[in-house]
Amino acid sequence: MASPPPAVLHAEAAPVLDLLTVTQVMARLQLGRSAVYDLLRSGQLASITLGRARRIPARALTDFIRARLEQEAA
């Protein structure tokens, strides 16, 4: 019986990190470009820079939305 390829074995151990562009975040939050950059600049929304490109982890966007919902509920 053949064993699965190594890529299949490691896929579960290291989940793929989804990175969103500023444009994608703008669409999901229904905000303008400057509003999204204000969130990034203030540290309310985490991001990474790859060369000149700014990317926002999907998890950071989810955490941001969850935190805002909790603030609204309090």
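Details of the structure are given in the entry above.
Criteria and thresholds
Residues numbered from 1 in each chain as written. Predicted model: local features only at pLDDT ≥ 70, side-chain atom pairs only at ≥ 80, totals over all residues. Heavy atoms only, no water. Pairing = 2+ DSSP bridges. Helix = DSSP H or I, 4+ residues; strand = E, 2+ residues; numbered from the N terminus. Contact = heavy atoms within 4.5 Å. Axes fitted to C-alpha atoms, helices over the stretch in contact; angles between N-to-C directions. Salt bridge = Lys/Arg side-chain N within 4 Å of Asp/Glu carboxyl O. Buried < 20%, exposed > 50% of the residue type's maximum accessible area, 1.4 Å probe, protein only.

Another aspect to go through is the sheet that holds strand β2 (residues 48–50). Spatial ordering of the open sheet is given by β1-β3-β2, a layout of three strands whose pairing is antiparallel. Looking at the sheet topology across the chains shown, the edges are occupied by β1 (19–20) and β2. In the sheet, β2 pairs with strand β3 (residues 53–57) via three bridges, with the strands oriented antiparallel. Bridging from a neighbouring strand, isoleucine 48 pairs with arginine 55 of β3. Where helix α4 (residues 58–73) meets the sheet, its contacts fall on β1 and β3, and the angle it forms with β3 comes to roughly 60°.

Below, the discussion takes up the pattern of salt bridges. In this structure the tally under the stated criterion is three salt bridges. Aspartate 38 serves as the salt-bridge partner of arginine 41, at 3.0 Å between the closest nitrogen and oxygen. Within this pair, arginine 41 and its partner aspartate 38 are both found in helix α3 (residues 33–42), separated by three residues, close to a single helical turn. By relative accessible area, arginine 41 is classed as exposed at 63%. Two residues, arginine 66 and aspartate 63, come together in a salt bridge whose shortest N-O distance is 3.5 Å. Of this pair, arginine 66 and aspartate 63 both sit in helix α4, three residues apart, which is roughly one turn of that helix. Judged by relative accessible area, arginine 66 falls into the partly exposed class, the value being 39%.

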